[in-house]
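# Observations on the three-dimensional arrangement
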Amino acid sequence: MKLLVTGGAGFIGTNFVRQTLSEHPQDEILVLDKLGYAGKAENLAGLERCRLVVGDILDKDLVFDLAKDVDAIVHFAAESHNDNSLLNPDLFVQTNVVGTVHILEACREYKVRLHHISTDEVFGDLALDDPQKFTRLSPYKPSSPYSASKAAADMMVRAWVRSFGVFASISNCSNNYGPYQHVEKFIPRMITNRFLGVRPRVYGTGQNVRDWIHVDDHNHAVYKILETGKPGETYLLGANGELSNLEVVRMLNKLMGYEEDDYELVSDRAGHDRRYAIDARESYRELDWTPEYTNFELGLSSVITWYKNHPEFWEADKAQVEAQYKMQGK
Ligand code: NAD
Ligand code: DAU
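Now for a look at the structure at hand.

Rules behind the numbers
- Residues numbered from 1 in each chain as written.
- Chains lettered and ligands numbered in written order.
- Predicted model: local features only at pLDDT ≥ 70, side-chain atom pairs only at ≥ 80, totals over all residues.
- Heavy atoms only, no water.
- 1 Å grid on protein atoms, 1.4 Å probe; cavity = no way out; pocket = protein on both sides within 12 Å on 5 of 7 lines; lining within 4 Å.
- Points joined across faces, edges and corners; volume = space filled by probe spheres on them.
- Helix = DSSP H or I, 4+ residues; strand = E, 2+ residues; numbered from the N terminus.
- Nonpolar A, V, L, I, M, F, W, Y, C, P; charged D, E, K, R; others polar.
- Polar contact = N/O pair within 3.5 Å; in protein donor to acceptor, adjacent residues only side chain to side chain.
- Buried < 20%, exposed > 50% of the residue type's maximum accessible area, 1.4 Å probe, protein only.
- Pairing = 2+ DSSP bridges.
- Right-handed = clockwise from strand over helix to strand, strands pointing away.
- Near = heavy atom within 4 Å.

## Topic: the layout of surface pockets
A probe matching the size of a water molecule, rolled over the atoms, marks out where space remains unfilled. When its volume is computed, the largest pocket comes out at roughly 390 Å³. Around the largest pocket sit 19 residues that line it, and Tyr37, Asn84, Glu184, Gln320 and Gln324 are the ones nearest its centre. At the level of elements, helix H3 (82-87), helix H4 (89-110) and helix H11 (311-327) are the ones that each hand at least two residues to the lining of the largest pocket. The element that contributes the greatest number of residues to the lining of the largest pocket is H11, accounting for five residues. Per-class residue counts for the lining of the largest pocket are six nonpolar, eight polar and five charged. Put simply, the second largest pocket is a space of about 150 Å³. Lining the second largest pocket are Arg18, Lys40, Glu42, Asn43, Tyr180, Trp306, Glu312, Phe313 and Ala316.

The structure is reproduced here in structure tokens:
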């Protein structure tokens, strides 16, 4: 396949490009990424069968130009951080909603297949003791400007499938962890804090639960959807990885040689979702896919090692990220 991967220089996109090129030697990839604060050209440096076009999905002419010659588009590009969406919601609506419409219009024009990457956050949050996880039938109930913009984008995809017959699928995945994640996010922030002698900073009471999946497992599922996914279908992706933020911090402290309770509680995120949990059984069955990283502690340990060995990936961003968090009391 010849793929156009939007956002391919960010966290999940970079891992997708690297994994796909290594496991599918016949594939070629064109990456469209504006190289915003979370995207780095160096992530893709030296990769064969991969070309990076630096540009914005809000540039409709550019999107159309690139879409013309590909077999499929995998659409990762987005503003992805909840905390930032509370500071600058407009940008999230522009990129995540309007940008997705540009991709859809290009797919309509050139009859290109689309896979749209979405999030479990579109379903809002669950009570800590709710026995019913998110399924395909869960109502959309987003909480933050970020998750609302992703929910709106999903609705656009559905409308373009129904009204214009665009061949598009959607996946809603849970929290990813792995290499190349920006230091603004929870796990990389805690790991790099520890390297710099700063205690992990946990929002609120730390009881909030996230459902962790290794980024390689997410990306294997995305490729399976490209191969066998149905038009108009939604795939929920998760790895039964529910852990409270405090459980993650304690594990990380132990792995890095600190007292488990050596962390700091800081002010909470506005509208902070309590719990996400994905019921992915239908996707396991329909895609013939199951996550390979079943031991979170082992996965986390390998991520700690990756950040230790790749200071060039995060050091330049760290001070500015922390200065912004400090202004927010975090
Ligand atoms: P990221 O912020 O690390 O990467 C996003 C990439 O998109 C960056 O390289 C950025 O430069 C690029 N980008 C942003 N705006 C752009 C624009 N207007 N034009 C072109 N490129 C642009 O995010 P991520 O964590 O890799 O998330 C990728 C996708 O996966 C997003 O759609 C996100 O909503 C979704 N998702 C993320 C997670 C997670 O846990 N990180 C889970 C589920 C779904
Ligand atoms: O569920 C999928 C979503 O996961 C994706 O759609 C988003 O793009 C991705 O950013 C992620 O969203 P979260 O808001 O869950 O991730 P974040 O890493 O920002 O935070 C994870 C949890 O940790 C959350 O409960 C907030 C908390 N947190 C975060 C930071 C940065 C802390 O306690 N301390 C921190 O310093």
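On we go from here.
## A look at the side chain of Asn208
With respect to the element layout, Asn208 can be found in the loop between strand E8 (201-203) and strand E9 (209-211). Here His272 takes part through its side chain, which lies 3.3 Å from a polar atom of the side chain of Asn208. Here Asp273 takes part through its backbone oxygen, which lies 3.0 Å from a polar atom of the side chain of Asn208.

## Focus on the pairing of strand E5 (residues 113-119)
Within E5, seven of the seven residues are buried, leaving the element largely enclosed by the surrounding structure. Covered by surrounding structure in E5 are Arg113, His115, Ile117 and Thr119 together with Leu114, His116 and Ser118, the residues of both alternating faces. Across four bridges, strand E4 (residues 72-75) lies against E5 in parallel orientation. If you follow Ile73 over to E5, its bridge partner there is Leu114. With six bridges joining them, E5 and strand E6 (residues 168-173) adopt parallel strand pairing. Paired with Ser118 across the bridge in E6 is Asn172. With helix H5 (residues 145-164) bridging E5 and the parallel E6, this β-α-β connection has right-handed handedness.

## As for the site of ligand 2
In the region of ligand 2, 23 residues are neighbours, and Asp120, Tyr146, Asn175, Arg269 and His272 sit closest. Within the side chain of Thr119, a nitrogen or oxygen atom sits 2.7 Å from an oxygen atom of ligand 2. In this structure, an oxygen atom belonging to ligand 2 sits 2.7 Å away from a side-chain N or O atom of Arg210. Only helix H6 (186-195) and E8 provide two or more residues apiece to the shell around ligand 2. Per-element tally for the shell around ligand 2: the top contributor is E8, with three residues. Each residue belonging to the shell around ligand 2 can be placed in one class, and the counts come to six nonpolar, nine polar and eight charged.

As far as function goes, none of this settles anything; it's purely spatial.
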